[in-house]
Amino acid sequence: MVTLSLISVDGLTKHYGRVKALEKASFTVGTGVTGLIGPNGAGKSTLIKIALGLVRPTYGEARVFGLDSRKERSKIMERVGVLHEKPRFPYWVTGREYLEYSAKLKRISDVTGEIKGISEICGLTDFVDRKIGAFSAGMVQRLGLADALIGKPELVILDEPTANLDPLGRHDVLDKIKRLRDEDGMNFLISTHILSELEKVCDNVVILNEGTVLTYGSFDDLLSKHSRRKIMMKVDDPNKFIECLNRRTREKAVVEGDSIVVEVDNATHFIKELNALFRSKAFTLKELRSCSATLEDIFIEALRRKQFD
Amino acid sequence: MTDNRFLMNLSWELKNLFRFPFPEILLALFTFTVFLPHVSTYSADINLNDVSSQEITGQIAHVSTYQGAFASVSAYLPLAVLGSIFGTLAFAYEIENGLLMVHLSHPTSKRAVFLSKWLSCFLVAFVTLSCTLLFFTFLYVPENSFYLITNSHLTLSLMLLAAMETFVIVSVTVSFSIFSRKASVSLVGSFATLYILQLLSQTSGLSYLPPASFYSQVELLFHAGSLSMLFNSSISLVFAAFLAVASYLYFSRRLELA
């Protein structure tokens, strides 16, 4: 099966004076939902702006759908919907007027029907006819989401899509993203700090730090490649158990509540040592289970590896 | 529904600029306050000997239009204020607030956005100035209205004059707005530049600078002009054209919305 490359970035470098926003970033992402993660100042927003042709790279190139983001910006924008971080809209028009303008630019034939549909999807129906100046931050965010999704473009780029939304709204947005991906085959590039939310929907991950790409690939591949296996145990004397464990293995064990969580590098060796410990009958095992790693684990592990390198 | 994105952008920009109704009224009021009638001075130009009544009407109409044309010089500073506001609202304000970044994240080219914004600034200022000039022309001798309407060359000359003046002012304000990228700097800077040009043209006698150069344009359009008048009237237009091209190239190729 041939995987379609949606966004490919090659040696992308962007300097703002002395500030290095991106440094030789290279990666390729395929279809589905891609999470772009990294700490503040990692270069996520700069990368998005270069991909949209809004910022010129110092070196390197970015391609979207195989098209050069600088030379073929107009062709790219025909197929892309965007929600920027902290989006701003003209406060003197109503939400409907703005969406009508956006729909016309996207050459949507049934503008009224499309606005009705997208307003329902994004929870805008009740206030779409209000002036944008009277919108709350959450409403503006929903309007931005509607603006990005209108016309169901092939690729939707969302920079902090759940910012300013209440917990219910966040859940709702993620649910919509999942549905649009599964039912309409839409692709998403989502930049966010909230990793626990992103892992519910993402298929691919790109991790950025200080302008460089730490790692990228499918979520499942990165799970097996980067994150250490975690084992959770409940024993009768956790502190004494950790002391004994530290004498026998190099694995890092911490007490979390009434449980012990151990990050394991070599699972076979660890289980062997664990068996020996329990055979000594000094401790009683109440519970033992393997915990699945999270996106946060992948992110921390990638950062840790970068520091050791 | 129009399918042309440039026209969609243009109608959107015009809607944005017309969100404040007062500047159009302000220009007319300011110009009316500043403008001093010169009809008596030029009434000597009218030759009443051995001519038909229609020719007299024509001469009066010509003089009244000439008076209206001179209102363009008086309208320079009020129009500079308006031009600075329009240029700032259309470009620097949107760049500074991130509105332009969101706008350009739609399927529309930078060229179409620039041209629609530039043209909307020009159109609003041009219509405002044209209305002001026509108002003065028709106000002085209302009886000539029929003659002015049926002999459109006078009215068209007036509008050409308004277009040239607007072109100079909008080119200066828009280029200042794009290169400064800050609304406050653009607003103050572009008006200060136009004001300094006026001071220089008045105090140093630099007749090729606006608004003194507009006198040459009026003379060229309504009387036979000399070569020096052609030079004086064209130099500001050439400079304005250079600024318009430079701001277009910067906007479409170099502007970064970080």
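Going by the structure above, here's the rest.
Residues numbered from 1 in each chain as written. Chains lettered and ligands numbered in written order. Predicted model: local features only at pLDDT ≥ 70, side-chain atom pairs only at ≥ 80, totals over all residues. Heavy atoms only, no water.

**Student:** Teacher, can you tell me more about the environment of B:Ile196 here?
**Tutor:** Secondary-structure assignment places B:Ile196 in helix H10 (residues 183-203). Each C-alpha atom, one on B:Ile196 and one on B:Pro210, is 9.9 Å from the other, the two residues being 14 residues apart in sequence. (Helix = DSSP H or I, 4+ residues; strand = E, 2+ residues; numbered from the N terminus.)

**Student:** Would you mind showing me how to read the interface of chain A and chain B here?
**Tutor:** Size of an interface, as often reported, equals the accessible area lost when the parts are brought together. Taken together, the contact pairs 31 residues of chain A with 30 residues of chain B. Of the roughly 3000 Å² buried between chain A and chain B, counting both surfaces, carbon and sulfur atoms make up 56%. Of all residues in chain A, the largest losses of buried area upon contact with chain B belong to A:Trp92, A:Tyr101 and A:Leu105, amounting jointly to 24% of the total for that side. On the surface where chain A and chain B come into contact, there are 4 salt bridges. In this structure, the connection of chain A to chain B is made through 17 residue pairs in polar contact (both at pLDDT 80 or more). Listing elements by their share of the side of chain A that touches chain B, those giving two or more residues are strand S1 (7-16), helix H2 (73-77) and helix H3 (95-105) of chain A. Here the side of chain A that touches chain B takes 6 residues from H3(A), the largest share from any one element. (Contact = heavy atoms within 4.5 Å. Buried area = accessible area lost by both parts, 1.4 Å probe. Salt bridge = Lys/Arg side-chain N within 4 Å of Asp/Glu carboxyl O. Polar contact = N/O pair within 3.5 Å; in protein donor to acceptor, adjacent residues only side chain to side chain.)

**Student:** Please explain the packing of aromatic side chains as it appears in this structure.
**Tutor:** Given two aromatic rings, one states the distance between the centres and the angle between the planes to describe the pair. One pass over the structure, following the stated rule, counts 17 aromatic pairs over all chains. Each member of the aromatic cluster is reached from another via a ring pair, and the members are A:Phe89, A:Tyr98, A:Tyr101 and B:Trp12. The aromatic ring of A:Phe65 is capped on one face by A:Arg79, whose charged end is 3.9 Å from the ring centroid. (Phe/Tyr/Trp six-rings, centres within 6.5 Å; stacked < 30°, edge-to-face > 60°. Lys NZ or Arg CZ within 6 Å of the ring centre and 35° of its normal.)

**Student:** Mind showing me how you'd approach helix H5 (residues 76-97) of chain B here?
**Tutor:** The periodicity of an α-helix, 3.6 residues per turn, causes residues three or four places apart in sequence to face the same way. Residues and elements named next belong to chain B. Helix length check: H5, at 22 residues, gives a terminal C-alpha distance of 30 Å against a target of 32 Å (1.5 Å per residue), a fit within 8%. Most of H5 sits inside the fold, with 18 of its 22 residues counted as buried. At the exit of H5 stands glycine 98, carrying a positive phi of roughly 85°. (Expected span 1.5 Å × (residues − 1). Buried < 20%, exposed > 50% of the residue type's maximum accessible area, 1.4 Å probe, protein only.)

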